[in-house]
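Chain by chain, the residues run as shown.
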Amino acid sequence: MNSVSESLQLEMYRRMGLIRHFDQAVQKLFNSGRIPGSTHLSIGQEGEVVGACMALREDDYMVGNHRSHGHPIGKGAGVNALMAEILGKATGVNQGKGGSMHLADFSVGSLGESSIVGSGLPVAVGAALGSKMQGNDRVTLCFFGDGASNQGYFHESMNMAALWKLPVVFLCENNGYGVTTPNRRAAALEDISARAAGYGTPSTIVDGQQCLAVYDAVTEAVERARGGDGPTLVEAKTYRYHHHSEGPLYDNMTYRPDEELAAWKLRDPLLLFRQQLAGYLGAAELDKIEEQAQAEIAGALEFAELSPFPEPEEGYTHLYRTPIAVYGGEL
Ligand SMILES: Cc1ncc(C[n+]2csc(CCOP(=O)(O)OP(=O)(O)O)c2C)c(N)n1
Ligand SMILES: [Mg+2]
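So, here's what we can say about the structure.

Calculation rules
All residue numbers refer to position in the chain's written sequence, counted from 1. All chains are assigned letters beginning at A, and all ligands numbers beginning at 1, according to the order in which they are written. pLDDT decides what is reported in this predicted model: residues at 70 or higher carry local features, side-chain atom pairs at 80 or more are listed and counted, and totals for whole chains, interfaces and linings draw on all residues regardless. Heavy atoms throughout the structure, all of them, feed into the side-chain values; hydrogens and water do not. For Na, K and Ca the donor cut-off is 3.2 Å, while for other metals it is 2.8 Å, and in both cases only N, O and S atoms qualify; water is not among them, so sites may look incomplete. Every helix listed is a DSSP run of H or I at least four residues long, and every strand listed is a run of E at least two residues long, numbered separately from the N terminus. To sort residues, take the accessible area from a 1.4 Å probe on protein chains only and compare it with the maximum for the residue type: under 20% means buried, over 50% means exposed, and anything in between is partly exposed. Think of a salt bridge as a Lys or Arg side-chain nitrogen and an Asp or Glu carboxyl oxygen that are within 4 Å of each other. For two strands to pair, DSSP has to find at least two bridges joining them. With the strands pointing away from the viewer, any crossover whose connection runs clockwise from the first strand over the helix to the second is right-handed. Think of it this way: one heavy atom of a residue within 4 Å of a molecule or strand is enough to make that residue near it. The term polar contact refers here to a pair of N or O atoms within 3.5 Å; inside protein, the definition further demands a hydrogen-donor-capable atom paired with an acceptor-capable atom, and it admits residues adjacent in sequence only when both atoms are side-chain atoms. For the area figures, the Shrake-Rupley method with a 1.4 Å probe applies, and any residue is considered shielded solely by the protein chains shown. Just so you know the grouping, Ala, Val, Leu, Ile, Met, Phe, Trp, Tyr, Cys and Pro go in nonpolar, Asp, Glu, Lys and Arg go in charged, and all remaining residues, Gly too, go in polar.

**Describing the coordination of the magnesium ion (ligand 2)**
Protein-derived ligands of the magnesium ion (ligand 2) are Asp146 (OD), Asn175 (OD1) and Tyr177 (O), with the metal-ligand distances lying across 2.1 to 2.2 Å. Spacing between the donor residues of the magnesium ion (ligand 2) along the chain follows D-x28-N-x1-Y. Here Asp146 is found in the loop between strand 3 (140-145) and helix 6 (152-163), whereas its partner Tyr177 is found in strand 5 (residues 177-178), with 31 residues between them in sequence. Comparing Asp146 with Tyr177, the two get one shared label, buried.

**A word on the pattern of salt bridges**
One pass over the full model with this rule turns up 16 salt bridges. Two residues, Asp59 and Arg57, come together in a salt bridge whose shortest N-O distance is 2.9 Å. Here Asp59 falls in the partly exposed class, since its relative accessible area comes to 22%. For Arg57, a relative accessible area of 30% translates into the label partly exposed. Beyond isolated ion pairs, a larger network of salt bridges with shared partners links Glu11, Arg14, Arg15 and Glu296.

**Focus: the pairing of strand 4 (residues 168-174)**
Buried residues dominate strand 4, accounting for seven of its seven residues. On strand 4, burial covers both faces: Val168, Phe170, Cys172 and Asn174 on one face and Val169, Leu171 and Glu173 on the other are all buried. Examined bridge by bridge, strand 3 and strand 4 share six bridges and lie parallel to one another. If you follow Phe144 over to strand 4, its bridge partner there is Cys172. Each parallel crossover has a hand, and the one from strand 3 via helix 6 to strand 4 is right-handed.

**Describing the site of ligand 1**
The full set close to ligand 1 counts 15 residues, and His66, Arg67, Ser115, Gly147 and Tyr177 are the nearest of them. Within the backbone of Val117, an N or O atom sits 3.1 Å from a nitrogen atom of ligand 1. For ligand 1, whose unbound accessible area comes to 580 Å², protein coverage reaches 71%. By residue class, the composition of the shell around ligand 1 is five nonpolar, eight polar and two charged.

These figures come from the coordinates and say nothing about function on their own.
Laid out in structure tokens, this is it:
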């Protein structure tokens, strides 16, 4: 942990701030009826998102899920095109055709997200297999939830990645719930990481509210993957402050106690990170980083608002085999 440079730590804090302000802005957009469908926020989970993403090289791959506005930001994506995508604008990362649950920014190795729970796992394994077959040393990081770990996808992906020693890091964001079902009522074991032993795969549990602890754990897993020793399952214990998705549906639901939420808020990832940096960085400097993050998101909102919607005929493009260059690769 001591080897993490000051500039990297500042960048971590900046990206956590960007994710928080991005999602707060999305919440407002949703509440004002500007986002069709549903949207899932990761407020409270920023520590594990940024810690894991920043353990990657810029040209490594990352696969997200349905709660994934933060994952591309953690990987270094610009916020303007992400916000435009949320509003379905032509300037969005996917020309406005993906929306909240299907962000992808190939320019930073963000391969995509999907609303089908668990479906990112085989995509990540496929990307890792591709790296191995192409003989490059890129690692793929795959985010998925505790709920997704009960899907067949998880088990098949773990098995194949372990068997073929593929360069993939499985990052389980265990926020304790799948929609309103507590994990203890969906899985026989408390720790998802224990399942890795069944596939001969190393695993670790990490405090997901501590960005640097996640960074350390994922750095080790990435080294293992890049060194040809195969996958690792990293389980980050974390919590989402918002309900599963936005909207009034969950307002009066009592599936989780108020005290539980309050206790997790005391361990807010931005707060904990600030405390850690406070030894050598003043509050004023940290405030400035956060204000800049807030201003960047305000700029992204303006960019998105001013952008046009796609033309109707665009509905017929990018449907089949329209190639997109990834990292300057051959088409
Ligand atoms: C295959 C499939 N089954 C069910 C759903 C409905 N669904 C959407 S999100 C979700 C829970 C996911 O929980 P988890 O994987 O823990 O992620 P979290 O939302 O907690 O981040 C469910 C059941 C779905 N989208 N896809
Ligand atoms: Mg969950």
